[in-house]
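Here's the letter readout for the chains.
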Amino acid sequence: MSKYELISRYLSEFLNQEVRKTGLKKVVVGLSGGIDSAVVAVLAHRAFGDDLLCVKMPSHYSSQNSLDDADELCNVFSLRSEVKSIEPMLRAYETSDMSPLRVGNLSARLRMVTLFDISAREGALVLGTSNKSELMLGYGTLYGDLASALNPIGDLYKTEVFELARYLGVPSSIIDKPPSADLWAGQSDEAEIGYPYADLDRVLKRYVEERHTAEEMIADGENPELVGMIVKRIYQNQFKRRMPVIAKLTSRTLNHDFNYPRDITL
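Now for a look at the structure at hand. (Residues numbered from 1 in each chain as written. Predicted model: local features only at pLDDT ≥ 70, side-chain atom pairs only at ≥ 80, totals over all residues. Heavy atoms only, no water.)

Re the overall build of the protein
A tally of regular secondary structure across the protein gives twelve helices and four strands. Principal-axis analysis of the C-alpha atoms places the extent of the protein at approximately 50 × 50 × 50 Å. Here the protein holds 266 residues, and 45% of them are scored as buried. Across the protein, the fraction of contacts at a sequence separation of at least 24, relative to all contacts at a separation of at least 6, is 74%. For the protein, the exposed surface amounts to about 13,900 Å²; the carbon and sulfur share of it is 54%. (Helix = DSSP H or I, 4+ residues; strand = E, 2+ residues; numbered from the N terminus. Buried < 20%, exposed > 50% of the residue type's maximum accessible area, 1.4 Å probe, protein only. Contact = heavy atoms within 4.5 Å. Areas by Shrake-Rupley, 256 points an atom, 1.4 Å probe, with all protein chains shown as cover.)

A word on the side chain of Ser12
Within the secondary structure, Ser12 sits in helix α1 (residues 3-21). Setting aside its immediate chain neighbours within four residues, Ser12 contacts Leu43, Arg46 and Ala47.

Concerning the environment of Leu200
Its place among the elements puts Leu200 in helix α10 (residues 197-209). Between the C-alpha atoms of Leu200 and Tyr157, which are 43 residues apart in sequence, the distance is 9.4 Å. The residues contacting Leu200, other than those within four sequence positions of it, are Leu137, Ile193, Tyr195, Leu226, Met229 and Ile230.

Comments concerning helix α2 (residues 35-48)
Along an α-helix, residues three or four positions apart point the same way, because every turn accommodates 3.6 residues. With 14 residues, α2 extends 20 Å from end C-alpha to end C-alpha; this agrees with the ideal 20 Å at 1.5 Å per step. Of all 14 residues making up α2, twelve are buried, and the element is well covered by its neighbours. Among the residues of α2, those classed as buried are Ile35, Asp36, Ser37, Ala38, Val39, Val40, Ala41, Val42, Leu43, Ala44, Ala47 and Phe48. Two residues or fewer after α2 comes Gly49, characterised by a positive phi angle close to 60°. (Expected span 1.5 Å × (residues − 1).)

With respect to the state of the cysteines
Cysteine pairs can be covalently joined through their sulfur atoms, and such a bond is termed a disulfide. All told, the structure shown has zero disulfides when counted by the stated rule. Looking at Cys54, it has no disulfide partner, and the nearest cysteine sulfur is the one in Cys74, 5.1 Å off. On the basis of relative accessible area, Cys54 is assigned to the buried category, the value being 0%. (Disulfide = S-S within 2.5 Å.)

Points about the layout of surface pockets
One number sums up the size of the second largest pocket: a volume of about 740 Å³. What lines the second largest pocket is a set of 23 residues, among which Leu146, Ser148, Lys240, Arg241 and Arg242 lie closest to the centre. Residue composition of the lining of the second largest pocket, grouped by class: 13 nonpolar, five polar and five charged. (1 Å grid on protein atoms, 1.4 Å probe; cavity = no way out; pocket = protein on both sides within 12 Å on 5 of 7 lines; lining within 4 Å. Points joined across faces, edges and corners; volume = space filled by probe spheres on them. Nonpolar A, V, L, I, M, F, W, Y, C, P; charged D, E, K, R; others polar.)

Section: the environment of Met136
With respect to the element layout, Met136 can be found in helix α6 (residues 132-137). Once the C-alpha coordinates of Met136 and Cys74 are considered, the two residues, 62 residues apart in sequence, prove to be 30 Å apart.

Structural data, given as structure tokens:
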């Protein structure tokens, strides 16, 4: 059994078990036309079949290529889907002086609001699509694309998501294009972060998985600016990876010393 066959089986079973622990049987995922949401959708389809609903949420900034790629994925894998544009909500709030960052963050949050509303309509859980590279670097919008009930790919680096996508048979039109959150015209993930994912993941793996120090990596020839940026972002964005911190006043406080496994049922 190949590495990615094992991973795909494990992640589909993870989704199946974790969703059913809640008493629900359905899931929804936002389908952007990008590789992360494509991989999550295919894994979820393996676990839930037509109990998966893919939601396409374009805005006036979305590229036609992204919409076409999302449609192709749905056609290839026979994914049940619907379109719910966020354009009216975005235009109602958007002003001419808003920076691309603000527009991008607002778009991500409007999409997650839409997904959670549809999940309530469907009696379903919202699946997350953030990979480990993005989570470690804080490259995501709090209460936007970082919000979900379950995330099957949060422990896979971006380069691993590409490999899993190839194994799953995701269309080449999605795999071969430059990664982009498609939040504004011409937006590119790697251009925004400043380095290719191959370089980012190499240093992330050495720092996170192999526990090399920054000094060790630089001594081995890694770019000091790249190493410094990654280490700074990991710690600077820790707040995005945890539940809101609650000030402790009583003897037992949520997320301090009142913790139980999430799969306990009464």
